[in-house]
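Summary of the model geometry
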Amino acid sequence: MERIVINGGRKLGGKIRVSGAKNAALPILFATILAEDVCIIENLPEISDVTDSLEILRAMGASVTMLDLTTAKIDTTHIVCGTAPYELSSAMRGSYYVLGAELSRFGKARSAIPGGCDFGVRPIDQHIKGFTALGADVATDNGYVVCDCHGRPKGAGIYLDMESVGATINIMLAACKAEGQTVIDNAAREPHIVDLANFLNACGADISGAGTSVIKIKGTKRLHGVTYAIIPDMIEAGTYMIAAAATKSHVEITNVIPKHLESVTAKLLEMGVDVVENDESVVVDGDNELTPVRVKTLPYPGFPTDMNPQMCALMCLAQGTSYMNEGVFENRFRYTGELAKMGASIKVDGKMAVIEGLGKLQGACVRAVDLRAGAAMVIAGLAAEGVTYIEDIRHIERGYEDLVGKLANAGADIRRETVPEEAVQKAN
Ligand code: UD1
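Residues numbered from 1 in each chain as written. Predicted model: local features only at pLDDT ≥ 70, side-chain atom pairs only at ≥ 80, totals over all residues. Heavy atoms only, no water.

A look at the domain arrangement of the chain
Looking at the assigned domains, one finds that the chain contains domain 1 (2-19 + 232-427) and domain 2 (22-229). Averaged C-alpha coordinates put domain 1 and domain 2 at centres separated by 30 Å. In this assembly, 23 residues from domain 1 lie in contact with 20 residues from domain 2. Between domain 1 and domain 2 the total buried area reaches about 1,900 Å² when both faces are included, carbon and sulfur atoms providing 53% of it. If you sort the residues of domain 1 by the area they bury against domain 2, Y300, R398 and E401 come out on top, with a joint share of 35%. Our enumeration of links across domain 1 and domain 2 arrives at one salt bridge. Note that D49 is salt-bridged to R398, the shortest N-O span being 3.1 Å. On the surface where domain 1 and domain 2 come into contact, there are six residue pairs in polar contact (both at pLDDT 80 or more). Mapped onto the side of domain 1 that touches domain 2, the elements with two or more residues apiece are α12 (371-383) and α13 (394-399). Among the elements that take part in the side of domain 1 that touches domain 2, α13 stands out by supplying three residues, more than any other. (Domains from an automatic or database assignment. Contact = heavy atoms within 4.5 Å. Buried area = accessible area lost by both parts, 1.4 Å probe. Salt bridge = Lys/Arg side-chain N within 4 Å of Asp/Glu carboxyl O. Polar contact = N/O pair within 3.5 Å; in protein donor to acceptor, adjacent residues only side chain to side chain. Helix = DSSP H or I, 4+ residues; strand = E, 2+ residues; numbered from the N terminus.)

Pasting the structure below:
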């Protein structure tokens, strides 16, 4: 078993380069199924969710070659419908995009009920509502979702009950090759939805309105392959911005789109952190005392739910009471118990966490209970007095490319190590 060890209290400095966006890469990788051709996807993050997605595509019959560490050549001509392997798909949320992509291309689809981070119940009723509106019969069978349009999907008007990222993407995919026009109302507006639309349009699709609440998709019979570069990861960028603020450091975070970071930047400014936006980088200077704040997570352009844990770690380092209101998921506060081991004082009541900031944290042995929770533990460990050990780091590796290497290069005292066998046995 591997763990991360951090000797806290070191300042960061220099530049940290952000990789491609996980939540854009996953839908675009599965969208290559629609091209029935060769696509070259650049700026892929080197993370296990991407490796697993490529493995799923391979198992489905695609030919996948890595041209370099971040560029994949994918030929989806010979994909066979319904062959996404259960083990890999059920462990990853993004694998549900197989459903929308297969429905578009084959008129039917079959993939495992998706897993991913545990934030309480994560229903897919809005995806199913969309598929049904496009003419599919949808059923579950032994852990699989099975859809059948008995022919080509038919364009329809779909109103989403909430701005679901996954449902918006899945319906966009399913509608791409449908007969006629589909309109998604109350669509999510995340930058990765725009990135997916740009990719599909480059392949010959006809999608307008991505990035607004109304997306129109005119069905197209054939798409074709393209070369396409994924946008930078706004959550990875936000995580490093908060790491700089938490360690009172001066860091330039490069390869970013500052517009995507506006809500995070605004909250950091409110906390007294200096943030300067350049064309493709942000410079964070965390020298001032941190002021407590109130944050509510919301769909984009609101403050991202995927920054909730990292922001909470920073709130612990301000003196005074901060509030984190989770506006997207049922239960995203499992990590607060881990922060408590580091001396944090956090009370959770439903979707609200009240953080009594003490201005400091202490090193401890903690777990990454999910992906972004893991990032929060790293931030807390960087700022804490003493040594922090973070276990279950596979969650972190699902979504952060070389987090340890990037932070070590910026001056952190951080490393990965193998936990000695005796320690694992004792813990069990
Ligand atoms: C995606 C991201 C995740 C991010 C989230 C919100 C991926 C692989 N995951 O997750 O990192 O935290 O967007 O930005 O891209 N809901 C329903 N029914 C549905 C669909 C969603 O009730 O059919 C609810 C969810 O339970 C949640 C809210 O809607 O409370 C938003 O979920 P959604 O935007 O769909 O998130 P995911 O696509 O699962």
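This is not the end of the story, as more comes after the structure.
Comments concerning the pairing of strand β7 (residues 137-141)
In this sheet, strand β8 (residues 144-148) lies alongside β7 in antiparallel orientation, the contact comprising five bridges. Residue pairing across strands places D137 opposite D148, the latter belonging to β8. (Pairing = 2+ DSSP bridges.)

What about the sheet that holds strand β19 (residues 346-349)?
What the four strands build is an open sheet, ordered β17-β18-β20-β19; its pairing is mixed. Bordering the open sheet on either side are β17 (294-296) and β19, each of which pairs with just one other strand. Ignoring strand direction, the axes of neighbouring strands in this sheet form an average angle of 15°. Pairing between β17 and strand β18 (residues 319-325): three bridges, direction parallel. If you follow V295 over to β18, its bridge partner there is M324. Sheet strands in contact with helix α10 (residues 308-315) are β17, β18 and β20 (352-358), and its direction is about 165° off that of β18. (Axes fitted to C-alpha atoms, helices over the stretch in contact; angles between N-to-C directions.)

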